[in-house]
Amino acid sequence: MTTYRIAPSILSADFARLGEEVRNVVAAGADMIHFDVMDNHYVPNLTIGPLVCEAIRPHVQVPIDVHLMVKPVDRIIPDFAKAGANIISFHPEGSEHIDRSLQLIRDHGCKAGLVFNPATPLHVLEHVMDKLDLILLMSVNPGFGGQSFIPHTLKKIAAVRRMIDESGSDIMLQVDGGVKVDNIREIAAAGADTFVAGSAIFGKPDYKAVIDAMRGELALA
Ligand code: DX5
Ligand code: ZN
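Residues numbered from 1 in each chain as written. Chains lettered and ligands numbered in written order. Predicted model: local features only at pLDDT ≥ 70, side-chain atom pairs only at ≥ 80, totals over all residues. Heavy atoms only, no water.

The protein appears in an unreviewed UniProt entry as Ribulose-phosphate 3-epimerase from Undibacterium macrobrachii. In its Pathway (unreviewed entry) section, the UniProt entry covering the protein states "Carbohydrate degradation." The record held by UniProt for the protein lists under Function (unreviewed entry) the comment "Catalyzes the reversible epimerization of D-ribulose 5-phosphate to D-xylulose 5-phosphate." (UniProt positions renumbered as here; feature names shortened; annotations may be inferred.)

Below is the structure:
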């Protein structure tokens, strides 16, 4: 049986009450906290860095899943590891030496992930499968929360699912962007096991109701 994980993105949280927000979402059943890092260079937005990761670390026992939308990535990786990140993923476009960046993440004791935008080809994957703990497929173009799921991503999820199964490796397949209660089942059916959801959860008054509804849909996938 597939283990499904729900990873609320704090991008849509109330930053003035971030500690309380992450505690509440974990109490509501979140499996990890998705932490979106944007640099106003790789993506046209600017968000949060290692200081904020360090600040929320004592508030949650679940893994902190850092999604780096930055370029270049290498200099900031050790800072996030020291700040308490458990998983660090980056976009291949953000690194001159993908293999080296993946190894850098693992050398700092974190799980390593690669992130593919909707139009980014998957070919680099075949060379680094043994260095990956997570593959993240973006189902929106990165930079903002609250965008609509791009349906073409479903085919890409199925393709990566096959690659992971053929590799025999234990790699999480995460999807990020426009994930809601009403589409999570088909995203799971395509092969994803880890679901980032920002506005679907933090935009709502009852986090547990949304997470429970997502789990209900996943049980039917
Ligand atoms: C987008 C971010 C996402 C975003 C998802 O660049 O990587 O994690 O917060 O937000 P929703 O779930 O609202 O699409
Ligand atoms: Zn993200």
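Having seen the model, we can carry on.
### Section: the site of ligand 1
The local shell around ligand 1 holds 20 residues, among which Asp 36, Gly 146, Asp 176, Gly 198 and Ser 199 are the closest. Within the backbone of Gly 178, an N or O atom sits 2.8 Å from an oxygen atom of ligand 1. Ser 199 is positioned such that a nitrogen or oxygen atom in its side chain is 2.5 Å from an oxygen atom of ligand 1. Protein chains shield 100% of the accessible area of ligand 1, which is 380 Å² for the free molecule. Counting only elements with at least two residues in the shell around ligand 1, the list comes to β2 (33-38), β3 (64-69) and β8 (194-197). Among the elements that take part in the shell around ligand 1, β2 stands out by supplying three residues, more than any other. Its residues assigned to classes, the shell around ligand 1 comprises eight nonpolar, 10 polar and two charged. (Near = heavy atom within 4 Å. Polar contact = N/O pair within 3.5 Å; in protein donor to acceptor, adjacent residues only side chain to side chain. Areas by Shrake-Rupley, 256 points an atom, 1.4 Å probe, with all protein chains shown as cover. Helix = DSSP H or I, 4+ residues; strand = E, 2+ residues; numbered from the N terminus. Nonpolar A, V, L, I, M, F, W, Y, C, P; charged D, E, K, R; others polar.)

### Some words on the coordination of the zinc ion (ligand 2)
Within the first shell, the zinc ion (ligand 2) binds the protein through His 34 (NE2), Asp 36 (OD), His 67 (ND1) and Asp 176 (OD), at distances of 2.1 to 2.2 Å. Here the zinc ion (ligand 2) is ringed by six donor atoms whose angles at the metal span 69 to 169°, and the overall shape comes out octahedral. Here the donor residues for the zinc ion (ligand 2) map to a single chain with the spacing H-x1-D-x30-H-x108-D. Of the two residues, His 67 sits in strand β3 while Asp 176 sits in strand β7 (residues 172-176), which places them 109 residues apart along the sequence. The pair His 67 / Asp 176 is uniform in exposure class, with both members buried. (Donors = N, O, S within 2.8 Å, 3.2 Å for Na, K, Ca; no water. Tetrahedral: all angles 85-135°; square planar, octahedral: opposite > 155°, others 65-115°. Buried < 20%, exposed > 50% of the residue type's maximum accessible area, 1.4 Å probe, protein only.)

### A few points about the sheet that holds β2
One open sheet accounts for eight strands, arranged β1-β8-β7-β6-β5-β4-β3-β2; its pairing is parallel. In this open sheet, the two strands that pair with only one neighbour each are β1 (5-8) and β2. Sheet twist, expressed as the mean angle between neighbouring strand axes with direction ignored, is 25°. Here four bridges tie β1 to β8, and the two strands are oriented parallel to one another. Looking at the pairing, Ala 7 lines up with Val 196 of β8. Set on the sheet, helix α6 (residues 153-167) makes contact with β5 (111-116), β6 (134-138) and β7; between it and β6 the angle comes to about 165°. (Pairing = 2+ DSSP bridges. Axes fitted to C-alpha atoms, helices over the stretch in contact; angles between N-to-C directions. Contact = heavy atoms within 4.5 Å.)

### Topic: the UniProt feature "binding site: substrate" (unreviewed entry) in the protein
As annotated by UniProt and renumbered to match this structure, "binding site: substrate" (unreviewed entry) occupies Ser 9, His 67, Gly 143, Phe 144, Gly 145, Gly 146, Asp 176, Gly 177, Gly 178, Gly 198 and Ser 199. Relative to the helices and strands, Ser 9 is located in the loop between β1 and α1 (18-27). On the accessibility criterion, Ser 9 (4% relative accessible area) is buried. With near-sequence residues (within four places) excluded, Ser 9 lies in contact with His 34, Asp 36, Val 196, Ala 197, Gly 198 and Phe 202. Position of Gly 178 among the secondary structure elements: in the loop between β7 and α7 (184-190). Among residues more than four places away in sequence, those in contact with Gly 178 are Val 140, Gln 147, Ser 148, Phe 149 and Asn 183.

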